[in-house]
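Take a look at the letters that make up each chain.
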Amino acid sequence: GLENVGEYDITASVKAASNPNYAVTTTGGTLTVTPKAAKVTVNKAEKTYGDKDPDFTFDVDGLVSEGEELELPIITRAEGENVGTYKVSVSFAEGSNSNYTLTVTPSTLTIKQKEVTLTVTDVFKKFGDKDPELEYTVEGLATVDGVEDVLKDVALSREPGEDAGLYTITATVDEESN
């Protein structure tokens, strides 16, 4: 058919009996089908730190038929798993989609912080005893490459005092380390 990019011969024929006064010589022509421009726009995506990447998608504007899809997309994103923004783009296998000249607009994957809960462990001591070791637990840490993450640079301190009573234990977490 004439629907794909390429050159197609055009031929002409004339019935001699229809034109008895003329000796007709025909010269063929060429129909050239050139690629159609189409725009590909990668959609923004996001995930939470520690989660697997979402399925990246893209929209296409300018295809000839409704429901038509581009063939052999290859989606790539900049490396990295820490909180931040990473470029996501799409290309297409060489030789695929030859009926189109594609203009691709890349987008981004945003990795958001994961919410965790740090709980200081309640401790007890008798009047006059040395303070027990202060401890905490963390719920919701991500597992990256099969290893559970840890919070870095956590400092525990307690309200001063030695008399019998309740003293507040405070946890401080260095945001830049985490």
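Look up: the structure comes first, before these words.
Note that this is a predicted model, so its numbers are computed, not measured.

Looking at the sheet that holds strand S8 (residues 100–105)
Move 1: Within the open sheet, the 3 strands sit side by side as S5-S3-S8. Their pairing is mixed. Of all strands in the sheet, those with a lone pairing partner are strand S5 (58–61) and S8, marking the two edges. Strand-to-strand twist of the sheet, defined as the mean angle between neighbouring strand axes without regard to direction, takes the value 25 degrees.
Move 2: Across 4 bridges, strand S3 (residues 36–42) lies against S5 in antiparallel orientation. Each bridged residue has a counterpart across the sheet, and for Val42 the counterpart in S5 is Phe58.

Points about a nonpolar patch on the surface
Move 1: Where nonpolar side chains cluster on the molecular surface, the patch consists of Val14, Tyr22 and Val24 and spans about 320 Å² of accessible area.
Move 2: You can see Val14 is positioned in the loop between strand S1 (6–10) and strand S2 (29–33).

What about the pairing of strand S9 (residues 107–112)?
Move 1: Pairing analysis gives 4 bridges linking strand S4 (residues 45–48) to S9, with the strands arranged parallel. By the bridge assignment for S9, Lys47 is matched with Ile111.
Move 2: Here 5 bridges tie strand S7 (residues 84–92) to S9, and the two strands are oriented antiparallel to one another. Across the sheet, the residue bridging to Gly84 is Ile111, located in S9.

Some remarks on the packing of aromatic side chains
The geometry of an aromatic ring pair comes down to the distance between the two centres and the angle between the two planes.
Move 1: Within this structure, the stated rule accounts for 1 aromatic pair.
Move 2: For the ring pair Phe58 and Phe92, a centre distance of 5.9 Å and an interplane angle of 85 degrees mean the geometry is edge-to-face. Here Phe58, found in strand S5, pairs with Phe92, found in strand S7; they are 34 residues apart in sequence, far enough to count as distant.
Move 3: Taking the relative accessible area as the measure of exposure, Phe92 reaches 16% and is therefore buried.
Move 4: It is Arg77 that lies over the ring of Tyr86; its NZ or CZ is 5.4 Å from the centre.
Move 5: Its guanidinium or amino end placed over the ring of Tyr167, Arg158 lies 5.2 Å from that ring's centre, counting from NZ or CZ.

A look at the pattern of salt bridges
Move 1: With the rule as written, the count across this model stands at 9 salt bridges.
Move 2: Across the salt bridge formed by Lys125 and Glu162, the nearest N and O atoms sit 2.7 Å from each other. Here Glu162 lies in the loop between strand S14 (154–158) and strand S15 (169–173) and Lys125 lies in the loop between strand S10 (117–120) and strand S11 (136–139), a separation of 37 residues in the sequence.
Move 3: The partly exposed category is assigned to Lys125, whose relative accessible area is 33%.

Overview of the sheet that holds S9
Sheet strands associate in pairs through backbone hydrogen bonding, adopting either a parallel or an antiparallel arrangement.
Move 1: Reading across from one edge, S4-S9-S7-S6 is the order of the 4 strands in this open sheet, with mixed pairing throughout. The open sheet has two edge strands with one neighbour each: S4 and strand S6 (73–77). The mean inter-strand angle of the sheet, taken between neighbouring strand axes irrespective of direction, is 25 degrees.
Move 2: Examined bridge by bridge, S6 and S7 share 5 bridges and lie antiparallel to one another. The partner of Arg77 across the bridge, within S7, is Val88.

Rules of the game
- Residues numbered from 1 in each chain as written.
- Predicted model: local features only at pLDDT ≥ 70, side-chain atom pairs only at ≥ 80, totals over all residues.
- Heavy atoms only, no water.
- Pairing = 2+ DSSP bridges.
- Helix = DSSP H or I, 4+ residues; strand = E, 2+ residues; numbered from the N terminus.
- Axes fitted to C-alpha atoms, helices over the stretch in contact; angles between N-to-C directions.
- Patch = residues over 30% accessible without salt bridge, like charges linked within 9 Å, V, L, I, M, F, W, Y side chains within 5 Å.
- Areas by Shrake-Rupley, 256 points an atom, 1.4 Å probe, with all protein chains shown as cover.
- Salt bridge = Lys/Arg side-chain N within 4 Å of Asp/Glu carboxyl O.
- Phe/Tyr/Trp six-rings, centres within 6.5 Å; stacked < 30°, edge-to-face > 60°.
- Buried < 20%, exposed > 50% of the residue type's maximum accessible area, 1.4 Å probe, protein only.
- Lys NZ or Arg CZ within 6 Å of the ring centre and 35° of its normal.

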